[in-house]
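Listed here are the chains, written in short residue letters.
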Amino acid sequence: MTALTAKQDGLAEAVTHDDLANTIRFLSMDAVQKARSGHPGMPMGMADVATVLFQRFLKFDPAFPDWPDRDRFVLSAGHGSMLLYSLLHLTGYEDMTIEELVNFRQLGSKTAGHPEYGVAGGIETTTGPLGQGLGNAVGMALAERILNARFGDALVDHRTYAIVGDGCLMEGISHEAISLAGHLRLGKLTVLFDDNSISIDGPTDLAVSDDQVTRFEACGWHTQRVDGHDPEAIAAAIEEAQTSERPSLIACRTQIGFGAPNKQGTAATHGAPLGEDEIAAARENLGWSSEPFEVPQDTLTAWREIGAAGAPASAAWRERLAAQPDGDRAEFERRQAGTLPDAFGAAIRNVKRQAVETPESIATRVASQRVLEAVAPVLPELIGGSADLTGSNNTKAKSQAVISADDFSGAYVHYGVREHGMAAAMNGMALHGGVIPYGGTFLVFTDYCRPAIRLSALMEQRVVYVMTHDSIGLGEDGPTHQPVEHLAALRAIPNLKVFRPADLVETAECWELALENQDGPSVIALTRQGVPNVRKEHHDENWCSYGGYILESASGPRQVTLIASGSEVSVALEAKRLLEAEEIFAAVVSLPSWELFAAQPQHYRDEVLGPGILHFAVEAASPLGWERWVGSDGGFVGMRSFGASAPAAHLYKHFKITAEDLADKVKAWL
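Since the model is a prediction, treat every value here as computed from it, not as a measurement.

Novice: Quick question: what am I supposed to make of the pattern of salt bridges here?
Specialist: Pairing is possible between side chains of opposite charge, provided their charged atoms come close. The full count for this structure, using the stated rule, is 30 salt bridges. With its nearest N and O atoms 2.8 Å apart, the salt bridge here joins Glu509 to Lys352. Of this pair, Glu509 sits in helix H21 (residues 504-516) while Lys352 sits in helix H15 (residues 342-357); the two residues are 157 residues apart in sequence, bridging distant segments of the chain. Considered together, Glu509 and Lys352 belong to a single accessibility category, that of buried residues. Salt-bridge contacts for Arg500 lead to Glu619; the nearest nitrogen and oxygen are separated by 3.9 Å. Here the residue Arg500 occupies a position in the loop between strand E13 (497-499) and H21, and Glu619 occupies one in strand E19 (residues 614-619), the gap between them amounting to 119 residues.

Structure follows, in C-alpha cells:
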C-alpha cells in the first residue's frame, strides 16, 4: 500500500469497509431523495472504489484543502456529485457540513447539482459536462510534472486520480485527452472507470460497443480490469498503477445503484431519486438502520481518522518548504499565489516603446510573438502551446523549450490537432496552480474549444486563448476558416474577456491585461494579415485597460464617432481622413475590449463615444451586439454572410469593408 495505509490501520475494528462505503451510499440516496432530483446510482456503484482510494491511497489534508502537494481527485462524472460531497463531509472538510448535504441542489448551498470549483474545499474542478474533468485531470498531471522538473520531489510529488463514467468516454474530448496523456506518459495519472454499462437511455450497448480498455492501451496507457466491489482487488490495482511509468486506466466493473434490490443495475437508478420504498428496501438489504442523514458515530469517527491521516505528510511538506533556499521558496510561493514578477511590467513597457520608436506594419499574430519573446524569459510559469499551428499562431518564444515525455523542464506543449483537449488541459493546469497556460489555434476553431472556454470563465481561471486568423483577412483558406459569428459568440460568455488589438502596442497591452487577470480567461484575437501601427506615441499607461479610448480626436466639432477593433481600426482612421477632407469631422475610437469598456463609468463612455451624434462601427465580423455601442440610429460596416476564398485585399473590397465604403455610408447616413 502507501505510506498513508499504516496510519489508517488504527481504525476501530468494528467499522468495516462495507460500513464506510454504505455511508456514502445512504447519504447519496437520501440527499437525492430529499432534493427530488439527482443521480444516486453512480455514487452507490462507485462507493467501494472511492472508499479504497480515500482510505488507502489519496494524499490530502482537510485542514489544508489547498496544500499544493496534495493528490488531486477529479470527479469527471460530475452528475454523481453526492459521491464527492459525502466524502468531503465524512473526511472532515470544514465547509461541507451535514446541513449542506441536506440542502443538496438548493439555492445557495455548497452542494450544487454538479460540483462547482471554489464553492467548497476539496472540489478541484467544476464538472458535469461529461469528459471535461478527464481533460482537466490530464492538465493537472501535466502541471505536476512541469513543477516537479523545476522544484523537485521535496515540494512537488503527487498524483492525480479521476473517476470517469461511460458518458465521459463516449464524448469526443476523451480521445483527445487520453491520447495526449499517453503521448506524454503522465505516469502519475490514474483514471478509475465506472464500468457499469448503463446510461440514462438504458444499457450502453444501445449506443456503443467500444472496448475501452483496448482503446486506452492503443493510446499508450497501462490498463487493468477489476471487480469494482472487491476492495482488495481495487487496492491491488491502484498499487500496480502506481508502479507504472505510463498513465493508468482501471476499469472497475460495478453495478449502478448497488444495494437497491429492485433497481440496481438499471437505468432507473441513474438520473432520478430511488423513491421512499426502494430506499427502505436498500436499508434492509444492506443492514443500514440509521435514519436519513444520520451517520453512526463509530463510522463517522473512522472516516474522520481517514481524513486526519494526511496531516503528518502535510506538516512535513510545510517544513520542507520552509527549509528551501530563500530564492527557491520565494519563487515557489510567488507562482502559487499567481502574482507576476516586477520584471513583467517593464518587459511590456519596453515592447510598447520599441513599437513606437520603430513603427512597422506587421500582423498582430507576429506582434503577439514579439510580446512572448519579451515576457517568456521573465515569466517562467508561462506554459505555451498550440493545436498543431505553432508557426501560424506564432505562440512559441525562442526561449521556450518543448515539453516532452522525457523532459518536462520546458515551457511549450505541442498539443497536436486536439483543440478541445488542449483547452480542457489548460483549465486543469490553471486549477492545479503554479503555471499560467496559454494555447493557440485559429479563431474559427474556438467552436472546438467552446465548452472548455465556458468552464474557464465559470471557474474564473486565468487561461489565455491565443486565437489567430481572426477574420476574412486570413484570405485564401476561405469561409470554412474565416470567423464571422465567433467574436459575438465569445463576447456573449460571462466573465470572458475578448481582446482584439489593432497593432503591436495594443497587442502588448492586451497580453498584459490577460496575464494580470487572475479571475477569468481571455481570448486574444489576432490577424493573419499585416496592419499599420496606429499608436504613434508611447505611454506607460495601459490604454486598452479602459476597453475603448479615443485614438484620434475630431479636427473640428465632432459629427460622427467611428468605432473599430483590430484590423479595422486602420480602416476607420483612413475613413476619418476622407470625411474630414469634406469637412465632416470624425473621432476614431479603438475598442479592443467590450467587457472592459462596459465596466467603465458612464461619464467616461459618454466622453469617448460622444452622445447625441452619429456612431458608426466597423469590424470584419457579425454586427450582432454592436447596437450596444452605435445605438439604434447608428450604422455598421462588416460581415453579414459567410466569407469567400480570395486574397485578403480582394475580400475587403468585395464585402465593402474599406475606408471608402465606410466614408460613403457615413455621408449617406448624415
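Novice: Sorry if this is basic, but what is going on with empty space enclosed by the protein here?
Specialist: Sizing a probe to match a water molecule and rolling it over the atoms shows the empty space that remains. Considering all chains together, one arrives at two cavities of 30 Å³ or more under this definition. Volume-wise, the largest cavity comes out at about 100 Å³. Lining the largest cavity we find Phe54, Leu58, Phe60, Pro65, Arg70, Asp71, Phe73, Leu84, Leu88, Tyr93, Gly122 and Glu124. Here the residues of the lining of the largest cavity are counted per class, giving eight nonpolar, one polar and three charged. Lining of the second largest cavity is provided by Phe73, Val74, Leu75, Leu84, Pro115, Ile123, Glu124, Thr125 and Thr127. Top contributing element to the lining of the second largest cavity by residue count: strand E1 (residues 72-75), with three residues.

Novice: Explanation requested: the layout of surface pockets in the structure shown.
Specialist: Roughly 540 Å³ of volume is contained in the largest pocket. At the level of secondary structure, the elements contributing two or more residues to the lining of the largest pocket comprise helix H14 (326-337) and helix H18 (419-432). In terms of residue class, the lining of the largest pocket is made up of 11 nonpolar, 10 polar and eight charged.

Novice: Can you walk me through helix H12 (residues 297-308) in this structure?
Specialist: Residue pairs spaced three or four apart in an α-helix point in one direction, given the helix's 3.6 residues per turn. Under the 1.5 Å per step criterion, the end-to-end length of H12 is 16 Å for 12 residues, consistent within 8% with the ideal 16 Å. Inspection of H12 places Thr299, Leu300, Ala302, Trp303, Ile306 and Gly307 among the buried residues, and these make up the whole buried set. One side of H12 carries all its buried residues, which in axial view fall inside an arc of 160°.

Novice: Hey, could you run me through the sheet that holds strand E14 (residues 522-525) in this one?
Specialist: Strands in a sheet are paired, the pairing made by backbone hydrogen bonds, and the direction either parallel or antiparallel. The strand order E10-E9-E11-E12-E14-E13 describes an open sheet built from six strands, whose pairing is parallel. Unpaired on one side and paired on the other, strand E10 (412-414) and E13 mark the two borders of the sheet. Along the sheet, successive strands turn relative to each other by an average axial angle of 20°, direction set aside. Here three bridges tie strand E9 (residues 382-386) to E10, and the two strands are oriented parallel to one another. Across the sheet, the residue bridging to Gly384 is Tyr412, located in E10.

Novice: Hey, could you run me through unusual backbone geometry in this one?
Specialist: It is generally the case that most residues other than glycine have a negative phi and that most peptide bonds are trans. For Arg185, which is not glycine, the phi dihedral falls at a positive 50°. Turning to its location among the elements, Arg185 is positioned in the loop between helix H8 (172-184) and strand E3 (189-195). Here the phi dihedral of Asn495 falls at roughly 65°; this positive angle occurs in a residue that is not glycine. Position of Asn495 among the secondary structure elements: in the loop between helix H20 (486-491) and E13.

Rules behind the numbers
- Residues numbered from 1 in each chain as written.
- Predicted model: local features only at pLDDT ≥ 70, side-chain atom pairs only at ≥ 80, totals over all residues.
- Heavy atoms only, no water.
- Salt bridge = Lys/Arg side-chain N within 4 Å of Asp/Glu carboxyl O.
- Helix = DSSP H or I, 4+ residues; strand = E, 2+ residues; numbered from the N terminus.
- Buried < 20%, exposed > 50% of the residue type's maximum accessible area, 1.4 Å probe, protein only.
- 1 Å grid on protein atoms, 1.4 Å probe; cavity = no way out; pocket = protein on both sides within 12 Å on 5 of 7 lines; lining within 4 Å.
- Points joined across faces, edges and corners; volume = space filled by probe spheres on them.
- Nonpolar A, V, L, I, M, F, W, Y, C, P; charged D, E, K, R; others polar.
- Expected span 1.5 Å × (residues − 1).
- Arc of directions from axis to C-beta.
- Pairing = 2+ DSSP bridges.
- Axes fitted to C-alpha atoms, helices over the stretch in contact; angles between N-to-C directions.

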